[in-house]
Amino acid sequence: MAPTLGLSRRAWMRLVGASAAVAAPLARGRFSAAAQDTSAGAHAAMAHDAHAMGPVGRVTSDAINPTRFLRTWNFADLPPDQRSEYYRETPRPDGSLLREYRLVAVDREIEIAPGVYFPAWTFNGQVPGPTLRATEGDRVRVTFINEGTHPHTIHFHGWHPPEMDGSLPQHQVMPGAQFVYEFDAEPFGLHLYHCHAAPLKRHIHKGLYGVFIVDPRGGRPQADELVMVMNAFDTNFDADNEVYAVNTIAHHYTHEPIVVHVGALVRIYVVNVTEFDLVNSLHLHGMFFSVNRTGTNMTGSETTDTVMLCQGERAILETRFRYPGLFMFHAHQSEFAELGWMGLFEAVGVRRDT
């Protein structure tokens, strides 16, 4: 009897999601296969190739919106009355602000690829958690409420007293309990927060992480700012990821390209929280960008088109798009790209305010 061919979930995801960035423009009629190669052989190959299919369907849930997440911090996407439940700011005598946040750990199933659901542990029902943003010297006060089914904590990268670290057994917040984290926002830079309860790899890969931006006093030059979190999901709990993404939903930005403006300064806050893989990366086609690792300086230290980050590493990337059109970006680990970590920028006419 002939051997049976068995495909793992990872193999199926690779087959279904391969080269979605090519499939999305095809679906929109941006270009045709014939424009690439008019030979009969090429037509025949495309008709039977997974490259012509891309991912099947779209994510139907609106619980996670990667497009909205890109440019949202401090709950700015909520109506004022709802926002005040999760974020408040109060001026202090020295000109700084007291910034108060409410973060809630909640167990929630989320759709991370068409028809693929993941039993996540979340901050405020989303993965990544809400982006928090302050200015150096502000006072940060985070009321953390654990409505999940496991002990959790919040560990903030940056300077803070040891009792605010959220890393030791005595720091665990039990289900139904709460804790208030309070510290000064410093140093300026691009940071993150995440659960630090054991086993740490489980609490991170299940979704308990978010971005924490501390702006320098006086700010940075005006730019179109984007938050991009590189993450992945082990859907069958074998300590190997089956789905990769930026901002959670596989191939989202191939269907909804990130719109930027030709000539405008674009600043990208990139954070890697991918579990089970030693490194992740971002490569931008047709472009170069400056890299400011951790964002603790005002200028970049290198100019490149690919940046590699281990888990917890982050960088501020800055660039200006010279030409209009579609620019692909993806992990430069091809497997990650084929399993969801791929997208497009769409550069449009010059913005007049820059």
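Reading the values: the criteria
- Residues numbered from 1 in each chain as written.
- Predicted model: local features only at pLDDT ≥ 70, side-chain atom pairs only at ≥ 80, totals over all residues.
- Heavy atoms only, no water.
- Salt bridge = Lys/Arg side-chain N within 4 Å of Asp/Glu carboxyl O.
- Helix = DSSP H or I, 4+ residues; strand = E, 2+ residues; numbered from the N terminus.
- Buried < 20%, exposed > 50% of the residue type's maximum accessible area, 1.4 Å probe, protein only.
- Pairing = 2+ DSSP bridges.
- Core = buried A, V, L, I, M, F, W, Y, C linked by side-chain atoms within 4.5 Å.
- Contact = heavy atoms within 4.5 Å.
- Axes fitted to C-alpha atoms, helices over the stretch in contact; angles between N-to-C directions.
- Phe/Tyr/Trp six-rings, centres within 6.5 Å; stacked < 30°, edge-to-face > 60°.
- Lys NZ or Arg CZ within 6 Å of the ring centre and 35° of its normal.

**Q** I tried to follow the pattern of salt bridges on my own but got confused; where do I start?
**A** Close approach of charged atoms allows side chains of opposite charge to pair. Tallying each qualifying case throughout the model produces 17 salt bridges. Among the ionic pairs, Asp138 bridges to Arg99, the shortest N-O distance being 2.7 Å. Placement of the pair is Asp138 in the loop between strand E4 (132-135) and strand E5 (139-146) and Arg99 in strand E2 (residues 97-113), with a sequence separation of 39 residues. In this structure Asp138 comes out as buried when scored by relative accessible area, which is 3%. On the basis of relative accessible area, Arg99 is assigned to the buried category, the value being 9%. In the salt-bridge network here, residues are joined through shared partners; they are Arg88, Glu100, Arg139, Arg141, Glu182 and Asp184.

**Q** It is not clear to me how the pairing of strand E19 (residues 325-330) should be interpreted in this structure. Could you clarify?
**A** The side chains of a regular strand alternate, first on one face of the sheet and then on the other. Examined bridge by bridge, strand E14 (residues 279-284) and E19 share 2 bridges and lie antiparallel to one another. By the bridge assignment, Leu284 is partnered in E19 with Phe329. With 6 bridges joining them, E19 and strand E20 (residues 342-348) adopt antiparallel strand pairing. The residue of E20 that forms the bridge with Met328 is Leu344.

**Q** Please explain the sheet that holds strand E8 (residues 189-194) as it appears in this structure.
**A** What links the strands of a sheet is backbone hydrogen bonding, and the strands pair in either a parallel or an antiparallel sense. Taken together, the 4 strands give an open sheet; going across it, the order is E4-E9-E8-E6, and neighbouring strands pair in mixed fashion. Only two strands of the sheet have a single partner each, and these edge strands are E4 and strand E6 (155-156). Inspection of the sheet shows E8 paired to strand E9 (residues 209-215) by 6 bridges, in the antiparallel sense. Residue pairing in the sheet places His194 in a bridge with Tyr209 of E9.

**Q** Honestly, the nonpolar core in this entry has me stumped. Any pointers?
**A** Side chains of nonpolar character tend, in soluble globular proteins, to be buried together. Met228, Ile258, Leu317, Phe321, Phe329, Trp341 and Phe345 are the most contacted members of the largest nonpolar core, which has 32 residues in total. The contact partners of Phe329, leaving out residues within four places of it in the chain, are Met228, Val246, Tyr253, Ile258, His283, Leu284, Trp341, Met342, Gly343, Leu344 and Phe345. Counting residues in each nonpolar core, the second largest holds 26 residues, with Ala185, Tyr193, Cys195 and Val214 among its members.

**Q** What am I meant to see in the sheet that holds E20 here?
**A** An order of E12-E20-E19-E14-E17 is seen for the 5 strands of this open sheet, with the pairing classed as mixed. Looking at which strands have only one partner, the edges of the open sheet turn out to be strand E12 (258-261) and strand E17 (306-310). On average, adjacent strands in this sheet sit at an angle of 25° to one another, irrespective of strand direction.

**Q** I tried to follow the packing of aromatic side chains on my own but got confused; where do I start?
**A** Any aromatic ring pair is given by two values, namely how distant the centres are and how the planes are angled relative to each other. Within the structure shown, the criterion is met by 18 aromatic pairs. Ring geometry for Phe118 versus Phe233: centroids 5.1 Å apart, planes at 65°, classification edge-to-face. Note that Phe118 is positioned in strand E3 (residues 116-123) and Phe233 in strand E10 (residues 224-233), a separation of 115 residues in sequence. We classify Phe118 as buried; its relative accessible area is 0%. Relative to Phe336, the ring of Tyr244 has its centre 4.1 Å away and its plane inclined at 15°; by these criteria the two rings are stacked. Taken together, the residues span a long stretch of sequence, with Tyr244 in strand E11 (residues 243-246) and Phe336 in helix H9 (residues 334-338) at a distance of 92 residues. Given a relative accessible area of 0%, Tyr244 falls into the buried group. These aromatic residues form a ring-pair network of at least three members: Phe123, Phe144, Phe156, Phe179, Tyr181, Phe183, Tyr193 and Phe212. Positioned over the ring face of Trp73 is Arg133, at 4.7 Å from the centre of the ring. A cation sits over an aromatic face here: Lys206 above Phe118, 5.7 Å from the ring centre.

Taken by themselves, the reported measurements are silent on function.
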